[in-house]
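Topology and contacts: notes
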Amino acid sequence: QKIFVFKSMISFIGSDVPCDALDTRMVETYLSDQLHGRGPKAANRDLRDIKALFNWAGKRGLCAAPNISLIEPYPEGKTIKYIPPVEDFNRVLMVAHGDDRDLLLVLYHTAGRRGEVLERLTWEDVNFEGRFVRLHTRKRKGGSLEGRTVPMNKTLYDVLWRRWQNRRKDFPFVFTSPKTGGRYSREAKKGLMTRLCRQAGVKPFTMHAIRHLVAS
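The structure presented is a predicted model; accordingly, all values stated were derived computationally and were not measured. (Residues numbered from 1 in each chain as written. Predicted model: local features only at pLDDT ≥ 70, side-chain atom pairs only at ≥ 80, totals over all residues. Heavy atoms only, no water.)

**With respect to unusual backbone geometry**
- Unlike most non-glycine residues, alanine 111 shows phi in positive territory, near 55°.
- Mapped onto the elements, alanine 111 comes out in the loop between helix H5 (98–110) and helix H6 (114–119).
- On the basis of relative accessibility, which here comes to 18%, the residue alanine 111 falls in the buried class.
- Positioned with a positive phi, arginine 131 is a non-glycine residue whose angle comes to about 55°.
- Position of arginine 131 relative to the elements: it lies in the loop between strand E1 (126–127) and strand E2 (132–137).
- Among the residues examined, arginine 131 registers a relative accessible area of 39% and is labelled partly exposed. (Helix = DSSP H or I, 4+ residues; strand = E, 2+ residues; numbered from the N terminus. Buried < 20%, exposed > 50% of the residue type's maximum accessible area, 1.4 Å probe, protein only.)

Now the structure itself:
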């Protein structure tokens, strides 16, 4: 993602200028273009990545960083999170199959985050005898993983027990990528919800929206 932002800025400037020659005016002009094309949230996300780059380079003495840290982010309007009705979730569930359906069921019945379930859930976190699942997340940047225990209802038990019986015995993760035969990456399943919502004929929602649905 950061490389994409840096390449976008270089493309906008028109040449790969030395970092010492990059001034705040160039960066602000690029961000203004992103503001009008993609909105304040996207522009601010790019600003964070650019600041991170120059903080990293400055600490290592790679170049004299311009005063990019002084650039203020754009004001962002408060966004209202869309929470799908349970009927829409059920319609999406009906068009999902295989791993995709299992993933949605585990997300719904644990109120888990995508990364907690798809990327980090291992069989060591699943306790069939005690009927609970242990989920792990990193709440602070650079912080350690923090865990919490979620009770396992019958639906969750049935899904996980079936996956346990058909698991890869040489691999610890509950969900295994069929493409790589290994752990899912952060980019995996990126377009899944868009595709399933379109097939189900419902307003698009994300995997994280399922967590908000359960909370509501």
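**Description of the packing of helix H4 (residues 86–95) against helix H8 (residues 192–200)**
- Following both chains from N to C, one finds H4 and H8 inclined at 100°, their axes separated by 8 Å at the closest point. In this view, H4 runs roughly perpendicular relative to H8, as classed from their interaxial angle. Every residue of H8 that contacts H4 at Arg91, Val92 and Val95 is listed here: Met193, Leu196, Cys197, Gln199 and Ala200. (Axes fitted to C-alpha atoms, helices over the stretch in contact; angles between N-to-C directions. Parallel < 35°, antiparallel > 145°, perpendicular 65-115°, else oblique. Contact = heavy atoms within 4.5 Å.)

**Digging into the pattern of salt bridges**
- Following the criterion strictly, the structure yields 12 salt bridges and no others.
- Here lysine 189 and aspartate 100 are joined by a salt bridge, their closest N and O atoms 2.5 Å apart. Note that lysine 189 is positioned in the loop between helix H7 (154–165) and H8 and aspartate 100 in helix H5, a separation of 89 residues in sequence.
- Accessibility expressed as a relative area gives 22% for lysine 189, which makes it partly exposed.
- Among the ionic pairs, glutamate 116 bridges to arginine 148, the shortest N-O distance being 2.6 Å. Of this pair, glutamate 116 sits in helix H6 while arginine 148 is found in strand E3 (residues 146–151), placing the two residues 32 residues apart along the sequence.
- Salt bridges linked by common partners bring Asp99, Asp102, Arg162 and Arg163 together as one network. (Salt bridge = Lys/Arg side-chain N within 4 Å of Asp/Glu carboxyl O.)

**Here's the deal with the packing of helix H1 (residues 2–13) against helix H3 (residues 40–59)**
- Following both chains from N to C, one finds H1 and H3 inclined at 95°, their axes separated by 10 Å at the closest point. Between H1 and H3, the angle is such that the two are roughly perpendicular. Packed against H1, whose contacting residues are Lys2, Val5, Phe6 and Met9, the element H3 presents Asp46, Asp49, Ile50, Ala52 and Leu53 at the interface.
- Across the contact of H1 with H3, the residue classes break down as six nonpolar, no polar and three charged. (Nonpolar A, V, L, I, M, F, W, Y, C, P; charged D, E, K, R; others polar.)

**A closer look at the sheet that holds E2**
- Ordered by their spatial adjacency, three strands build an open sheet running E1-E2-E3, and the pairing between neighbours is antiparallel. One side of each edge strand has no neighbouring strand; the edge strands of this open sheet are E1 and E3.
- Looking at chain direction, E1 and E2 are connected through two bridges and run antiparallel. Note on E2: the bridge partner recorded for asparagine 127 is phenylalanine 132. (Pairing = 2+ DSSP bridges.)

**A few points about the environment of serine 11**
- Mapping serine 11 onto the fold places it in helix H1.
- Each C-alpha atom of the pair serine 11 and tyrosine 30 lies 9.8 Å from the other, and the pair is 19 residues apart in sequence.

**Quick look at helix H2 (residues 24–38)**
- In this model H2 runs 20 Å from its N-terminal to its C-terminal C-alpha over 15 residues, within 8% of the 21 Å that 1.5 Å per residue would give.
- For H2, the set of buried residues is Met26, Val27, Tyr30, Leu31 and Gln34. Angularly, the buried residues of H2 cover 130° about the axis, an arc narrow enough to put them on a single face. Turned more than 90 degrees away from the buried face of H2, the exposed residues are Arg25 and His36.
- Its buried side turned inward, H2 meets H1 and H3.
- Sitting at the head of H2, aspartate 23 places a side-chain oxygen 3.2 Å from the backbone nitrogen of arginine 25. (Expected span 1.5 Å × (residues − 1). Arc of directions from axis to C-beta. Polar contact = N/O pair within 3.5 Å; in protein donor to acceptor, adjacent residues only side chain to side chain.)

Taken by themselves, the reported measurements are silent on function.
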